[in-house]
Amino acid sequence: MLLAYPFRVLVPRRAAPEAATSTAVALLLLAGAADLVPTSVVIALAAGAGATLAGLRLSRLATRRGTDPTARTAGVLLDAAVVAAGLTAVVLPLTGLGHTLVVLVGSLVVAALSTTGLYRLPGRPRPAASVRLRELVESAGPAVGLALAAWLLLPGDGLAVPVRLVCALALGGLGMAALNAFAGPWRRSSAAVCRGGVLLTVGGLVLLATVPSTPVGRVALLAVPPLVFGMLLVAVGAADAAEPAEPVAAAWPRSVLPAAVLLLASGLHLAAGRAPDPTSVLLALAAVPPLVLRELLRAKDAPTSGRRAAHRRPTGRSLRHLRAAPGRWPGIPERATGAPEGAMGGDSTWSPDHSSAWSGLNRRPAAASPGDRAALLDALAAIGDVPAPAGALLLVDLHGTEGIGPTAREDVLAEAVHRARAVVAPDDLVTGCAGAGFAVVTTAGPVLAYALGTRLLSALSPPYRLAGAMLRVQTSIGLAEVGGAGPADVLRQAELARRRAVQLGRDRVEWYDAFLEEQLVRRLDLERELPGAVARGELDLVYQPVVDLADGQPVGAEALLRWRSPVLGTVLPAELLPVAEDLDLVGELEWWVLDRACRQLSNWSVGVRELWMAVNVTTRELTTPDFVQRLAAVLAAYGVPPERLVVEVSEPRVAGDLPTVVARLAGLRSLGVRTALDDFRAEHASLAQLRRLPIDLLKVGPELVGARPDGQPPLIDVVVNVGERLGVEIVAEELESSTQVEGARRGGCRYGQGFAVARPATAERVEAYFEEFPSASR
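The shown structure was predicted, so the numbers you read here are calculated from the model rather than taken from an experiment. (Residues numbered from 1 in each chain as written. Predicted model: local features only at pLDDT ≥ 70, side-chain atom pairs only at ≥ 80, totals over all residues. Heavy atoms only, no water.)

Asks: Would you explain the overall build of the protein in this entry?
Replies: Per the secondary structure count, the protein includes 27 helices and 16 strands. In the protein, 73% of the contacts between residues at least 6 apart in sequence involve partners at least 24 apart. In the structure as shown, the protein presents an accessible area of about 35,500 Å², 61% of it carried by carbon and sulfur atoms. (Helix = DSSP H or I, 4+ residues; strand = E, 2+ residues; numbered from the N terminus. Contact = heavy atoms within 4.5 Å. Areas by Shrake-Rupley, 256 points an atom, 1.4 Å probe, with all protein chains shown as cover.)

Asks: Would you mind showing me how to read the packing of helix 17 (residues 514-529) against helix 18 (residues 573-582) here?
Replies: Relative placement of two packed helices is described by the angle separating their axes and the distance separating the axes. Close contact between helix 17 and helix 18 brings their axes to 10 Å; oriented N to C, the two are set at 65°. Pair helix 17 / helix 18 crosses with right-handed handedness. Contact with helix 17, carried on its side by Arg522, Arg523, Leu526 and Glu527, involves Glu575, Pro578, Val579 and Asp582 of helix 18 and no other residues of that element. Here the residues of the contact of helix 17 with helix 18 sort into three nonpolar, no polar and five charged. (Axes fitted to C-alpha atoms, helices over the stretch in contact; angles between N-to-C directions. Left-handed = near helix turned anticlockwise from the far one by under 90°. Nonpolar A, V, L, I, M, F, W, Y, C, P; charged D, E, K, R; others polar.)

Asks: Hey, could you run me through helix 11 (residues 278-286) in this one?
Replies: Among all positions of helix 11, only Thr279, Ser280 and Leu283 are buried. The arc enclosing the buried residues of helix 11, seen along the axis, measures out at 100°, which places them on a common side. Those residues of helix 11 that are exposed and angled more than 90 degrees off the buried face are Pro278, Leu282 and Leu285. (Buried < 20%, exposed > 50% of the residue type's maximum accessible area, 1.4 Å probe, protein only. Arc of directions from axis to C-beta.)

Asks: How should I be thinking about the pairing of strand 1 (residues 391-399) in this particular structure?
Replies: The side chains of a regular strand alternate between both faces of the sheet. With nine of its nine residues buried, strand 1 lies for the most part within the structure. Residues Gly391, Leu393, Leu395, Asp397 and His399 line one face of strand 1 and the alternating positions Ala392, Leu394, Val396 and Leu398 line the opposite face, and both faces are buried. Pairing between strand 1 and strand 6 (residues 474-482): nine bridges, direction antiparallel. Counterpart to Asp397 in the pairing with strand 6 is Ser476. Bridge count for strand 1 against strand 3 (residues 437-442) is six bridges, and the pairing is antiparallel. The residue of strand 3 that forms the bridge with Ala392 is Thr442. (Pairing = 2+ DSSP bridges.)

Asks: What is the right way to look at the sheet that holds strand 6 in this model?
Replies: Within a sheet, neighbouring strands are paired by backbone hydrogen bonds and run either parallel or antiparallel to one another. Sheet architecture is open: five strands sit in the order 2-3-1-6-7, paired in mixed fashion. The open sheet is flanked by strand 2 (429-432) and strand 7 (508-511), the only strands paired with a single partner. The sheet shows a mean angle of 20° between the axes of neighbouring strands, direction not considered. Across the sheet, helix 16 (residues 487-503) is in contact with strand 1, strand 6 and strand 7; its angle to strand 6 comes to roughly 145°.

Asks: I would appreciate a short explanation of the confidence of the model for the protein in the present structure.
Replies: Interpretation of the predicted coordinates at a detailed level should be avoided for regions scoring low in pLDDT. Considering every residue of the protein, the mean pLDDT works out to 76; 74% of them sit at 70 or more. Low pLDDT (under 50) marks residues 1-12, which in the prediction has five contacts with non-local residues, meaning those over four places away or in another chain. This model gives residues 301-314 a pLDDT under 50, and the stretch forms 25 contacts once residues within four places in sequence are excluded. (pLDDT = per-residue confidence, 0-100.)

Asks: Even after reading the chapter, I still don't get the environment of Val441, so can you show me in this structure?
Replies: In this fold, Val441 is placed in strand 3. The buried category is assigned to Val441, whose relative accessible area is 0%.

Asks: Teacher, can you tell me more about a negative patch on the surface here?
Replies: Residues Asp679, Glu703, Glu734 and Glu736 make up a contiguous surface patch of negative charge. Classification of Asp679 by relative accessible area gives partly exposed; the value is 35%. (Patch = residues over 30% accessible without salt bridge, like charges linked within 9 Å, V, L, I, M, F, W, Y side chains within 5 Å. Salt bridge = Lys/Arg side-chain N within 4 Å of Asp/Glu carboxyl O. Lys, Arg positive; Asp, Glu negative; His and termini not counted. Charge placed at Lys NZ, Arg CZ, Asp CG, Glu CD.)

Asks: Before we go on, may I ask you to explain the side chain of Thr21 in this structure?
Replies: Along the polypeptide, Thr21 turns up in helix 2 (residues 16-33). Since its relative accessible area comes to 12%, Thr21 is described here as buried. Not counting residues within four places of it along the chain, the set of residues in contact with Thr21 comprises Ala49, Gly50 and Leu53.

Asks: Explain a nonpolar patch on the surface to me, please; I cannot follow it from the model alone.
Replies: A cluster of nonpolar side chains, Val83, Leu87 and Val91, forms an exposed patch at the surface whose accessible area comes to about 210 Å². Structurally, Val83 is set in helix 4 (residues 69-90). Exposure remark for Val83: the relative accessible area of 36% places this residue in the partly exposed category.

Asks: Explain the environment of Val25 to me, please; I cannot follow it from the model alone.
Replies: Relative to the assigned elements, Val25 resides in helix 2. Judged by its relative accessible area of 1%, Val25 falls in the buried class. Val25 has contacts with Ala46, Val224 and Val228, leaving out every residue within four places of it along the chain.

Asks: I keep staring at the pattern of salt bridges and nothing clicks. Help me out?
Replies: Two side chains carrying opposite charge are able to pair once their charged atoms lie near each other. All told, the structure shown has 21 salt bridges when counted by the stated rule. With a closest N to O distance of 3.2 Å, Glu527 and Arg523 form a salt bridge. Of the two residues, Glu527 and Arg523 are both situated in helix 17; the distance of four residues between them amounts to about one turn of the helix. The same class applies to Glu527 as to Arg523, namely buried. The salt bridge partner of Arg523 is Asp582, with a shortest N-O separation of 2.4 Å. In this pair, Arg523 sits in helix 17 while Asp582 sits in helix 18, placing the two residues 59 residues apart along the sequence. A relative accessible area of 7% places Arg523 in the buried class. Look at Asp582 and you get partly exposed, because its relative accessible area is 36%. Taken together, the shared-partner salt bridges in this structure form one network comprising Asp397, Glu495, Arg498 and Arg499.

Below you can see the structure in the form of structure tokens.
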């Protein structure tokens, strides 16, 4: 018992079989290295143990109730793949066929099954073709380097040169693909973990086919770790593959590890007194072209901040000739180009919709006048014609002028342009563009252009005087570099960057890059696919258990929305809800969630009687006049006791309509429904506002649990003290480590939830989790 306790503390219950199997495999490897157990027996036992555990995990995925049919098919195929891999290693001591032939056939079967399974796996990233091509180019050089290292390390005796070369190339490609899976942009996704596990498994089989497995061939033991742990990673990744992740790349392992392996292999090769052979020289040379192509692509895309004013206009052509006459720029009052103040000219094109945040993303922006666009493209072409073009386009958008009338808007624009002329360089150009704004064309390099954008923000932020009143406006600036792209492309890129600045809250400068364009295309795809998702049955709920921190017993669960789009994959609420708000679909989604959550709560009532369900609602939906009545009807329809439902509302949003929010929460409590305040921020909270809100639970993040940088005690002590005075229980959420769990418990939090407690899962898996606690409230 004393030995089991630290094991249970350090190893989560769910991962205990994997930890035990890993320990057994490690002991087998030690026994094989010491010649206590024959190498072939070690390989058979280790592979059999790994395949058995992974197969059981995957079979549960394939037979689990409520699993998507596509995910079930993927589970069956991956289950068959790991079983085939295990059998390949197990039958080696028993078969009379050639060692290499057996492993080769097994490797082909495993590769075919796993490739098909990975293709059907939900949640797998689907990057664009251009992104795939870029990843292939960047990976080719390191992959050849790994192949060269494998060539140097593989035994040359008893292995034909063609076979040795094919195995080396296969190991290099598989190794680099595994690095891309574990350290690439999608390395945090479970689908990438599953893909990396498949690659390790196949790589282990290839290595097993190459090296001898006789009792004296202990080098074959090197194939055991990738083979066994690869199978385990396949099962772990497939179990949670439906949960997507944000793209966050870890670039250094993909660059450093192949180089380090190659240096180690070269050192061992030379230390053994062997000279380079022709094949190794050819492999080394083959790594050069991909590296050159990669650098050329990077040079094409990367901003070149080293360009300076001395290299801007070597031909003698400048932007000055484009500003020769006042009024040259249609849509900009003449005071912007040096004319007397008050002189108005041009035919400005105004579009109130153009300054709204993202509502106009799937509509065409207001068209600029022909003179505006032609003059702007002419200015960009003037920069692009030089041998070494350097410059940038800044699109400036003013927000807050929609309701003041066209004449007043022209006055605001005239003043804004006058302020802009005071901060731009003499050779920079200010010209008209579509909507409530203007454009600046500068010959400065990208870094200096960004600095110009921040100066423009500062200059345009003070209020504008209109007929005795003061008007405050917000500014969004999109920046695109001139260099290599045509004028029309530069204008499009700057417009995309400007839209991104609007989305992120305005009063900021955003710089165009290719990833930004992918995000905007993704946004358009979301707006196209989301309408009708409820009717098509594409929405789903997962549930994250909430536990009592005192004894670890589950007390409830939170319902979390997932959109299982067949086109876009699994979409999380953080990406889904902003789109739903712009499309006015939040009400439809939230009532679907409330209906399904209450139905699931009714199903759980058979065996799990007193556990509660928490559901998030927006203040916009909460404040509708009939919210309490509609919710009461849903509870009655499913026969759910009101006290088993918890309605959560986000703290940062309640201040916008506090009296109505207070009234609705009071109505819910009178109905018997419990209420919670989510996303509580202690450093910004108002105690008076907290006292007014009729809530039962207060949910705080992990940042309140840890010690503060100034050495002061954690804020959780203060929050718990306030909660006790108000009769509110504290729930610590987003707990991702045992340290945070312990800190929340020690700080006085009643309940806790997060990955360190239990991950979100389907209703069936959460119900099975509840059944592990027979003493839980029922």
